[in-house]
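Observations on the three-dimensional arrangement
Read off the chains here:
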Amino acid sequence: MVSHEEVQAALSARIDGEKAELDDAIVDAHVSGCAVCRAFLDRSLALSESLGVDSDDAMAPPQDLSAAILAGVDNEWRRFARRREIGMAVGRLMLGAMAVVWVLWAVRLILSGGEEPVVASAASVRFGVALALGFTAWRPQQIPGVLLIVGTMFTFTVGFAVRDFVLGMGQFEAASVLVPLLSLVALVWTWVADRGGAVRRAWQLLDARPY
């Protein structure tokens, strides 16, 4: 003689898609003559239907668990990858444009300053920066080194511009500050677009609170 608990456990296992300890014929025969277990079965089936669970394979684990996990993160990953692609494209265009500006700036200096050694040296530096910016547009991984150089140039240029303005020395040239500043912005933009995800993950690790 089987008990109500054994029959109800077998019914729950059947609804959940698991193997029951009792034979189905024994369970069905008991339910047909037991109002208590019949009521339990009706309540269980109603709950399963309200949860949208098919009693034939209810609560069965997915065949491919990795597919189920990836389905949850796929949309977020696609959005992140799309943002990175757009950011990198804009950054590379900015770097290429600034490389052209540095070349034109160097040519303008040569045409206006003759062949003086100081002029030739300054023009060479500008050509070098143009080459570096063009290289980082192709290889963004090299941005940190070029960023340090351009940042140092910008800092010194601003310092000299402030000194000349305060002392009334020479003539201030806006391009001497504006061109390095825009180059700095292009480098930072591209670097953040390329490595922003890694930087954010590193910050989250540093900001973690294990306790």
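Residues numbered from 1 in each chain as written. Predicted model: local features only at pLDDT ≥ 70, side-chain atom pairs only at ≥ 80, totals over all residues. Heavy atoms only, no water.

For the protein, the name recorded in an unreviewed UniProt entry is Zf-HC2 domain-containing protein, with Corynebacterium haemomassiliense as its organism.

As a further point, take the overall build of the protein. Counting its regular elements, the protein contains seven helices and zero strands. Counting from the amino terminus, helix and strand elements in the protein follow one another as α-α-α-α-α-α-α. Across the 211 residues that make up the protein, the buried fraction comes to 27%. When contacts within the protein are restricted to residue pairs at least 6 apart in sequence, those whose partners lie at least 24 apart make up 67%. Per element, the accessible surface of the protein, about 14,800 Å² overall, is 64% carbon and sulfur. (Helix = DSSP H or I, 4+ residues; strand = E, 2+ residues; numbered from the N terminus. Buried < 20%, exposed > 50% of the residue type's maximum accessible area, 1.4 Å probe, protein only. Contact = heavy atoms within 4.5 Å. Areas by Shrake-Rupley, 256 points an atom, 1.4 Å probe, with all protein chains shown as cover.)

A separate point is the nonpolar core. Grouped together as the largest cluster of nonpolar side chains are 19 residues, with contacts concentrated most on L95, M98, W102, L133, V150 and L187. For this core, the secondary-structure elements that each account for two or more residues are α4 (65-113), α5 (117-138), α6 (143-167) and α7 (174-206). Dropping the residues within four chain positions of it, M98 is found in contact with L133, V179, L182, S183 and A186. (Core = buried A, V, L, I, M, F, W, Y, C linked by side-chain atoms within 4.5 Å.)

It is the contact of helix α1 (residues 4-15) with helix α2 (residues 24-33), at a shortest axis distance of 10 Å, that shows an interaxial angle of 115°. Where α1 crosses over α2, the two elements pack in a sense that is left-handed. Across the interface between the two elements, H4, V7, A10, L11 and R14 from α1 touch D24, V27, D28, H30 and V31 from α2. Residues belonging to the contact of α1 with α2 are distributed by class as follows: five nonpolar, two polar and three charged. (Axes fitted to C-alpha atoms, helices over the stretch in contact; angles between N-to-C directions. Left-handed = near helix turned anticlockwise from the far one by under 90°. Nonpolar A, V, L, I, M, F, W, Y, C, P; charged D, E, K, R; others polar.)

So, about the side chain of T190. Topologically, T190 is positioned in helix α7. Aside from chain neighbours lying at most four places away, what touches T190 is M88, G91, R92, L95, P140 and I143.

This part is about the UniProt feature "transmembrane region" (unreviewed entry) in the protein. Annotation from UniProt places "transmembrane region" (unreviewed entry) at residues 89-111, 117-138, 145-162 and 174-192. With 100% helix and 0% strand, the stretch residues 145-162 has end C-alpha atoms that lie 26 Å from each other. (UniProt positions renumbered as here; feature names shortened; annotations may be inferred.)

Taking 1.5 Å as the rise per residue, α5 with 22 residues should run 32 Å; its terminal C-alpha atoms sit 32 Å apart, in good agreement. The complete set of buried residues in α5 reads V119, A123, R126, V129, A130, L133, T136 and A137. The buried side chains of α5 occupy one side of the element, clustering within an arc of 145° when seen end-on. Of the exposed residues in α5, the ones pointing more than 90 degrees away from its buried face are P117, L131 and W138. (Expected span 1.5 Å × (residues − 1). Arc of directions from axis to C-beta.)

To continue, consider the pattern of salt bridges. Under the counting rule described, the total for this entry stands at three salt bridges. In this structure, R38 engages D42 in a salt bridge whose closest nitrogen and oxygen atoms are separated by 3.6 Å. In this pair, R38 and D42 are both assigned in helix α3 (residues 35-50), four residues apart and thus about one turn of the helix distant. Of the residues examined, D42 reaches a relative accessible area of 37% and is grouped as partly exposed. The shortest N-O distance in the salt bridge between E85 and R82 comes to 3.7 Å. Of the two residues, E85 and R82 both sit in helix α4, three residues apart, roughly one turn of that helix. On the basis of relative accessible area, R82 is assigned to the exposed category, the value being 52%. (Salt bridge = Lys/Arg side-chain N within 4 Å of Asp/Glu carboxyl O.)

Next up on the list: the environment of A161. Position of A161 relative to the elements: it lies in helix α6. A161 gets classed as buried once you look at its relative accessible area, which sits at 13%. Between the C-alpha atom of A161 and that of A174, which follows or precedes it by 13 residues, the distance is 9.1 Å.

Let us now look at the packing of aromatic side chains. Summed over the entire model, instances satisfying the criterion amount to three aromatic pairs. Seen in terms of ring centroids, F135 and W138 are 5.6 Å apart; in terms of plane orientation they differ by 70°. Their pairing is edge-to-face. One end of the pair is F135 and the other is W138, both in helix α5 and three residues apart, which spans about a single turn. The exposure class assigned to W138 is exposed, which follows from its relative accessible area of 61%. Just above the ring of W105 sits the side chain of R126; from NZ or CZ to the centre is 3.7 Å. Against the face of W138 rests R139, its NZ or CZ located 5.8 Å from the ring centre. (Phe/Tyr/Trp six-rings, centres within 6.5 Å; stacked < 30°, edge-to-face > 60°. Lys NZ or Arg CZ within 6 Å of the ring centre and 35° of its normal.)

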